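So you can see what is in the structure, the chains are spelled out below.
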Amino acid sequence: MPVPNSLAASLTLSLALTATAHADEGMWMPSQLPELAKPLREAGFRGDPRDLAAVTQPPLSAVVKVGGGTGAFVSGEGLLLTNHHVAYGVIQYNTSAKDNLIEQGFIAKDRGDERAANPDFRVLVTVGFDKVTDAVLGPAKGKTGRAYFDAVDAASKRIVADCEREGGVRCSVANMYYGTDFYRIRQLELRDVRLVYAPPRAIGNYGDEIDNFMWPRHSGDFTLLRAYVGKDGKPADYSADNVPYQPPAHLQIATQGPKAGDYAMLAGYPGITYRHRTAAEFGEQVNWALPQRVAVFDQMIAVIEAAGKSDAEARTRYASQLQSLKNNRKRAAGELEGMQRSDAVRLRGEDERGMLAATHGDDARDIAALQALLADASALRERDLLLTLIGTQTQLLRSALTLERLRLESAKSDDQRETGYQQRDQALIEGTLKQVQRRYSPAVEKTLLSALLTRYQQLPDAQRVPEFDAAFGRTPAQLQRALDKLYAGTRLGEEAERLSRFAAAREGKPVAADPLMTLAAALVPAQLRLENERKTREGEQLRLRPAYMRALFAWRKQQGRAVYPDANSTLRISYGRVEPLAPRDAVSFAPVTTVAGIVEKNTGQEPFDAPKPLLAAIAKGDFGSTADAQLKTQPVNFLTNLDTTGGNSGSPVLNARGELIGLNFDSNWEAVSASWWYDPRYKRAIHVDMRYLRWLLAKVYPAPQLLQELRLPAE
């Protein structure tokens, strides 16, 4: 049912109830922070919360979306700080057998030596954030299912098109509180991004998967990039004539580091959380989704690792994808264990039962309809997971499917095209097609597809798709013959072949024949049919979930708790303090690690193969002004209780004065499940201490020109 105009006001008023169940829980919209002035002051914040309310004003205007994570400008010359793992694709893209930047690291001698990122890498600077709820939901009034979805989608596209008419910006419409509120976001899309400084793999990814999501941690997970624009100051494709972007604000790195109990605040672009989902969705996550994802990721990881053992070139080309799969696999396993440890399914169920008992009338009926809809969708969950992975974890097949869909969409007027295939998306599609060359091996792709499609062949008939059966057969032998024939005959492995077809597809014209293009022409109609079914379900969910949110707001009001929207890749702020961790009986961890831990872990073998220059500098003990005054040695990483999730990688961590003290890069194992369930006993975030960055730039892998640009002492 349509959302009443009064609801937005009630959402704001509920923030006055600041006695939340967990004082440090919350990924808050900046506009909510003035209402949280009292708890912010009690936590130790020394500024004015009103200064944090506008995403387009300092200091938040320095915080940007970088690739799949977050970053922050740290100089007026476009210098950008993010994680090593967020920029890993950029590093891998510039790595070759002759120039292995992954292993050796990289320091640009000067700006002319900075290396261009992969063509599809983007930095987004938010320059506008406006509420557009009425404009989005008005046309959907009285509609249901696919019609509701289409009305919201069409309204959102109109808003985006109007927003982008002036040029130079990338716009989107963000859904807050599950269809309750909508915001228009305007962002500069910086397309010329260059690698400036990356530590060696054995610093930036020290410990790799063994230490991933673990504490204590000893990783220098940071990289410096630089954003460029055309001479007119507007976003532009890479050109040697471009000039450094001058950001609206930049953060100053602190010279004093944090200690236990200190206030800390983080700003970033968390990807997605699910804390306001139904109890049934919590149950499905624990009982099916997470175990299934772990199993599928394990298989894909094994395929890529096996290929890399005998093929060094394949190992390099799939390094970024492998790291992503390992991270997602471990995250899924951690979410499962964490939700079980916190008893999240039972607790969410009890909470929901109390909420539903207090809910009546239209909202109660809509919630019942939502629950029935979600139950029906569960029957297709395994098929949908596999088909998604087939379309996203390949390079050539993904390219063919993209080109065929682009051809079909380009025959429509731009406002009728699917999001992702409009004229505004064509530069990004072209960039994605160009980067294939450095991320693809035919043998690896065939083996990945074989693994995923073998799983698909084992699905019950009710989940099968006739077009996929016709293309790949129903038996392993038929599948292998089909893949051998496809990849023996395709020419999409050549960049010129992909780009020539892109030129035709973007005009809606037939593309040159190719086995993979013929396959795509057969599979895309099936994808469109499944997409229609999905959008019908999503339209109903979009219509019904606001009733669930209204009930949740009323229930939390009774409990005296404030409510923040689930994360959705929009800018959010979390606040708390530097805090130790006691995850189990008789186990306690301090909140700061030092270089002594690097030496203790060092085995000389990957992933604990600390570089010789680092070990020599540690042995020398020349830490200067970057040493911790209490610990009398060099700090590396630190813990806070800040509320974070995926997408917060690279988020700046600020002290009470707004100075940059850390760079977020991970969560502890016990807190991986925080995307679904916040447990204050375990939730910690792991950050690179900026004193470690300063020391590396000054004493280990020196970059005096960068320290000068960062306005930091050279010792």
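Quantities reported herein were computed from a predicted structural model and do not represent experimental measurements.

Here we come to the overall build of the protein. Helix and strand counts for the protein come out as 25 helices and 20 strands. The C-alpha atoms of the protein give 25 Å as radius of gyration, which agrees with the globular expectation for 715 residues (27 Å, within 12%). Dimensions of the protein along its principal axes, counting C-alpha atoms only, are 65 × 65 × 55 Å. Counting the 715 residues in the protein, one finds 59% classified as buried.

This brings us to the packing of helix α12 (residues 344-357) against helix α21 (residues 515-559). Helix-helix packing is characterised by the crossing angle of the two axes and by the distance between the axes. At a minimum axis separation of 10 Å, α12 and α21 run at an interaxial angle of 95°. In terms of their interaxial angle, α12 and α21 are classed as roughly perpendicular. Residue-level contacts link Arg-348, Asp-351, Glu-352, Gly-354 and Met-355 of α12 to Tyr-548, Ala-551, Leu-552, Trp-555, Arg-556 and Gln-559 of α21.

Once that is clear, we can look at the sheet that holds strand β18 (residues 652-654). Pairing is antiparallel in the open sheet, where seven strands are placed in the order β13-β12-β18-β19-β20-β17-β16. At either end of the open sheet lies a strand with only one pairing partner, and these are β13 (572-577) and β16 (592-594). Each strand of the sheet is rotated relative to its neighbour by a mean of 30°, with strand direction disregarded. Relative to β13, strand β12 (residues 263-268) is paired through six bridges, and the arrangement is antiparallel. Considered in β13, the bridge of Ala-267 is made with Ile-573. Contacts from helix α24 (residues 690-700) reach β17 (635-640), β19 (660-667) and β20 (685-689) within the one sheet, and its direction differs from that of β20 by about 30°.

Working definition: two side chains of opposite charge can pair if their charged atoms are close together. Within this structure, the stated rule accounts for 71 salt bridges. Of the charged contacts, one joins Lys-699 and Asp-622 as a salt bridge, the two residues approaching to 3.3 Å between their closest N and O atoms. Taken together, the positions of Lys-699 in helix α24 and Asp-622 in the loop between α23 (612-620) and β17 put the pair 77 residues apart, joining distant regions of the chain. Classification of Lys-699 as partly exposed rests on a relative accessible area of 27%.

To continue, consider the state of the cysteines. In the structure shown here, the tally under the stated rule is one disulfide. There is a disulfide in this structure between Cys-163 and Cys-171, and the S-S distance comes to 2.0 Å. Disulfide Cys-163-Cys-171: torsion about the S-S bond near -65°, hence left-handed. Cys-171 matches Cys-163 in its accessibility class, with the two residues each being buried.

On to helix α11 (residues 319-341). Relative to the 33 Å expected for 23 residues at 1.5 Å per residue, α11 spans 33 Å between its end C-alpha atoms, a close match to the ideal helical length. Immediately downstream of α11, the backbone of Asp-343 shows phi near 55°, a positive value.

Once that is clear, we can look at the confidence of the model for the protein. Averaged over every residue, the pLDDT of the protein is 95; residues scoring 70 or more account for 97%. Segment residues 1-21 is flagged for pLDDT under 50; beyond a separation of four residues in sequence, or across chains, it makes 44 contacts in the model.

What follows deals with the packing of helix α9 (residues 279-310) against α11. Two elements in contact, α9 and α11, have axes separated by 9 Å at closest approach and are oriented at 150°. When the axes of α9 and α11 are compared, the pair comes out roughly antiparallel. The handedness of the crossing between α9 and α11 comes out as left-handed. Split by residue class, the contact of α9 with α11 holds 15 nonpolar, four polar and six charged.

Let's shift gears to the packing of aromatic side chains. A complete count under the given rule lists 14 aromatic pairs for this structure. With a centroid separation of 4.6 Å and an interplanar angle of 20°, the aromatic rings of Tyr-274 and Trp-676 are classed as stacked. Taken as a pair, Tyr-274 in the loop between β12 and α9 and Trp-676 in the loop between β19 and β20 lie far apart in primary sequence, 402 residues in all. Put simply, the rings of Tyr-274, Phe-282, Trp-676 and Trp-677 pair up and form one aromatic cluster. Taking the ring centre of Tyr-228 as reference, the NZ or CZ of Arg-194 above it sits at 3.7 Å. Over the face of the ring belonging to Tyr-178 we find Arg-545, whose NZ or CZ atom lies 5.4 Å from the ring centre.

The next point concerns unusual backbone geometry. A cis geometry characterises the amide bond from Trp-215 onward to Pro-216, with omega recorded as 10°. Residue placement: Pro-216 occurs in the loop between α8 (208-211) and β10 (223-229). At Tyr-178, a position not held by glycine, the phi torsion is positive, near 55°. Within the element layout of this structure, Tyr-178 appears in the loop between β7 (169-176) and β8 (181-190). Take Tyr-178: its relative accessible area is 14%, and that puts it in the buried class.

Two elements, strand β14 (residues 581-584) and strand β15 (residues 587-589), share two bridges in a ladder whose sense is antiparallel. Bridging across to β15, Leu-581 finds its partner in Phe-589. The antiparallel hairpin formed by β14 and β15 contains two residues in its connecting segment, where Ala-586 sits at a positive phi of about 70°.

Calculation criteria
- Residues numbered from 1 in each chain as written.
- Predicted model: local features only at pLDDT ≥ 70, side-chain atom pairs only at ≥ 80, totals over all residues.
- Heavy atoms only, no water.
- Helix = DSSP H or I, 4+ residues; strand = E, 2+ residues; numbered from the N terminus.
- Rg over C-alpha atoms; globule rule 2.2 N^0.38 Å.
- Buried < 20%, exposed > 50% of the residue type's maximum accessible area, 1.4 Å probe, protein only.
- Axes fitted to C-alpha atoms, helices over the stretch in contact; angles between N-to-C directions.
- Parallel < 35°, antiparallel > 145°, perpendicular 65-115°, else oblique.
- Contact = heavy atoms within 4.5 Å.
- Pairing = 2+ DSSP bridges.
- Salt bridge = Lys/Arg side-chain N within 4 Å of Asp/Glu carboxyl O.
- Disulfide = S-S within 2.5 Å.
- Expected span 1.5 Å × (residues − 1).
- pLDDT = per-residue confidence, 0-100.
- Left-handed = near helix turned anticlockwise from the far one by under 90°.
- Nonpolar A, V, L, I, M, F, W, Y, C, P; charged D, E, K, R; others polar.
- Phe/Tyr/Trp six-rings, centres within 6.5 Å; stacked < 30°, edge-to-face > 60°.
- Lys NZ or Arg CZ within 6 Å of the ring centre and 35° of its normal.

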